[in-house]
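Here's the letter readout for the chains.
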Amino acid sequence: MAEIPRLNGIIKALEEGKTAFVSFTSNDIETAVAMAGSKLDGVAFEMEHAPLDIPGLRHSLQYMLDRRQVVDRGTLAPAVTPMVRIPPNGNEMNQWLAKQVLDIGMYGIIFPHVSSVEEARNAVSACRYPRLASEPLYDPPGIRGDAPNRAARYWGLTQQEYYQRADVWPLAPDGEILVVIQCEEVRAIENLPAMLKEVPGIGVVLIGEGDLSQELGHPRDYDHPVVADHINRILEICKEHDVPCGHPHPSADNIERLVEAGFRFLMPGAPRSFAVLNRARELTGR
């Protein structure tokens, strides 16, 4: 089997020690086309606070493909890696929805409101195929159902090649699926050290500062000392466990501070904030 290069550009940036730039975006064809030509590492189609539309999501994935890009880049890796934020909160444990989006070809999932070890384990398990307990990298055990045809075709792989790469990074070093859990409750912060210690396969912890600030009594007042203190605690826990921490609201006002603080997964708004992306790339040497 010929060696397959890294397909997930977000993972590629992270494993090289760089900052990954990913933007939330709407699930429509024109936006997908625009994002595919951007300088982002990835896009996250929004389905938590936008309509759940799996057929529309599949259309968006197809319109992100650009045959000229494939020829010019000489790789199967998409220029901009598609992932999705699904609607269920972590404690709802709707594995079926993770299965739906992975089976059409997604390279990663953002799981909202993951606040316990059990919820984190479920998120990772939902993105893995089952294997015997005696096999390497068994834990967390996979629960994803087997139907790889559509995803393998979208990735440009045979089914067996897809099986080799359809696992979670960094637990599986060659895995191309990125599991992002959102930390957006005080309970989640309290449990985060245990989650990162006991659940291998978490690729990024993304701060959900909107919901967190609501709970703390200062809605969307992200600079309030109480909110800022909780955000900083999440970042420090991630650093202690060597897991990239993500920030969903970089702006012209805070981008330098976020980069200096050590956030490694930044989500500038698109398409209105490409100036922020360009400035962030300057600051990180990208």
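Up top is the structure these notes are about.
Described below are features of the structure shown in this document. Since the model is a prediction, treat every value here as computed from it, not as a measurement. Just so you know, the residues in each chain are numbered from 1, in the order the chain's sequence is written. Local features in this predicted model are restricted to residues whose pLDDT is 70 or higher, and side-chain atom pairs enter the listing and the counts only when it is 80 or higher, whereas totals over whole chains, interfaces and linings include all residues. Hydrogens and waters are ignored; side-chain quantities use all the structure's heavy atoms.

1. Considering a nonpolar patch on the surface
Here, patches come from residues exposed beyond 30% relative accessible area and free of salt bridges, joined within 9 Å for like charges and within 5 Å for nonpolar side chains (Val, Leu, Ile, Met, Phe, Trp, Tyr). We get accessible surface area from the Shrake-Rupley algorithm with a probe of 1.4 Å; when it comes to residues, only the shown protein chains can shield them. What makes a salt bridge here is a side-chain nitrogen of Lys or Arg within 4 Å of a carboxyl oxygen of Asp or Glu, nothing more. Where nonpolar side chains cluster on the molecular surface, the patch consists of Ile-29, Val-33 and Tyr-63 and spans about 250 Å² of accessible area. For helices the rule is a DSSP run of H or I covering at least 4 residues; for strands it is a run of E covering at least 2, with both sets numbered from the N terminus onward. Position of Tyr-63 among the secondary structure elements: in helix α3 (residues 54-63). Residue classification places Tyr-63 among the partly exposed residues on the basis of a relative accessible area of 45%. When a residue's accessible area, from a 1.4 Å probe over protein chains only, is under 20% of the maximum for its type it is buried; when over 50% it is exposed; and in between it is partly exposed.

2. What about the pattern of salt bridges?
Within this structure, the stated rule accounts for 16 salt bridges. In this structure, Arg-187 engages Glu-185 in a salt bridge whose closest nitrogen and oxygen atoms are separated by 3.7 Å. According to the relative accessible area criterion, Arg-187 is partly exposed, its value standing at 37%. Among the charged side chains, a salt-bridge network with shared partners connects Arg-6, Glu-15, Arg-165 and Glu-176.

3. What to know about the pairing of strand β6 (residues 177-183)
In terms of residue burial, β6 counts as a mostly covered element, since seven of its seven residues are buried. Side-chain alternation along β6 places Ile-177, Val-179, Ile-181 and Cys-183 on one buried face and Leu-178, Val-180 and Gln-182 on a second face that is also buried. Being paired, for any two strands, means DSSP has found at least two bridges between them. Pairing geometry for strand β4 (residues 108-111) and β6, over four bridges, is parallel. Along β6, the bridge assignment pairs Gly-108 with Leu-178. The pairing of strand β5 (residues 168-169) with β6 spans two bridges and is parallel. Opposite Trp-169, over in β6, you have Leu-178 as the bridge partner. With four bridges connecting them, β6 and strand β7 (residues 204-207) associate as parallel partners. By the bridge assignment, Ile-181 is partnered in β7 with Val-205. After leaving β6, the chain enters helix α9 (residues 186-198) and then returns to the sheet as β7, a path that is right-handed. Orient the strands so they point away from the viewer; a crossover is then right-handed if the path from the first strand over the helix to the second runs clockwise.

4. Topic: the environment of Asn-254
Checked against the element boundaries, Asn-254 lands in the loop between β8 (245-247) and α12 (255-261). Sequence separation between Asn-254 and Val-43 is 211 residues; the distance between their C-alpha atoms is 21 Å. Only heavy atoms enter the contact rule, under which two residues are in contact if any of them lie within 4.5 Å. With sequence-adjacent residues up to four places away left out, Asn-254 is seen in contact with His-247 and His-249.

5. Considering the pairing of strand β1 (residues 20-25)
The buried fraction of β1 is high, at five of six residues. Note: β1 against strand β9 (residues 265-266), two bridges, orientation parallel. Residue Ala-20 lies in a different strand from β9, and its bridge partner there is Phe-265. As judged from the four bridges shared by β1 and strand β2 (residues 42-46), these two strands associate in the parallel manner. Bridging from a neighbouring strand, Val-22 pairs with Gly-42 of β2. Handedness of the β-α-β unit built from β1, helix α2 (residues 29-36) and β2 comes out right-handed.

6. Topic: helix α11 (residues 225-240)
In this scheme, a helix's expected span is set at 1.5 Å multiplied by one less than its residue total. Compared with the 22 Å implied by 1.5 Å per residue over 16 residues, the 22 Å span of α11 between its first and last C-alpha is a close match. All buried positions along α11 are accounted for by Val-227, His-230, Ile-231, Ile-234, Leu-235, Ile-237 and Cys-238. On an axial view of α11, the arc spanned by its buried residues comes to 160°, and they lie on one face. The outward face of α11, more than 90 degrees from its buried face, is lined by the exposed residues Pro-225, Asp-229 and Glu-240. Against β6, α9, β7, α10 (209-215), β8 and α12 lie the buried residues of α11. Just past α11, the residue Asp-242 takes up positive phi, approximately 55°. This arc is built from the directions going out from the helix axis to the C-beta atoms.

7. Things to note about the packing of aromatic side chains
Each pair of aromatic rings taken from Phe, Tyr and Trp, with Trp reduced to its six-membered ring, is defined by centres within 6.5 Å and is described as stacked if the planes are under 30 degrees apart, edge-to-face if over 60, and tilted in the remaining cases. Applying the stated criterion across every chain yields a total of three aromatic pairs. Taking 5.5 Å as the distance between ring centres and 80° as the angle between the ring planes, the aromatic pair formed by Tyr-129 and Tyr-163 counts as edge-to-face. Taken as a pair, Tyr-129 in the loop between α6 (117-125) and α7 (149-155) and Tyr-163 in helix α8 (residues 159-165) lie far apart in primary sequence, 34 residues in all.

8. Let's talk about the nonpolar core
Among buried residues, the Ala, Val, Leu, Ile, Met, Phe, Trp, Tyr and Cys ones that are joined through side-chain atoms within 4.5 Å form a nonpolar core. Val-84, Val-101, Ile-109, Phe-111, Leu-192, Val-205 and Ile-234 are the most contacted members of the largest nonpolar core, which has 73 residues in total. Not counting residues within four places of it along the chain, the set of residues in contact with Leu-192 comprises Cys-183, Val-205, Ile-234, Ile-237 and Cys-238. The next biggest cluster of nonpolar side chains, apart from the first, holds 16 residues, and it includes Leu-14, Ile-110, Val-180 and Met-267.

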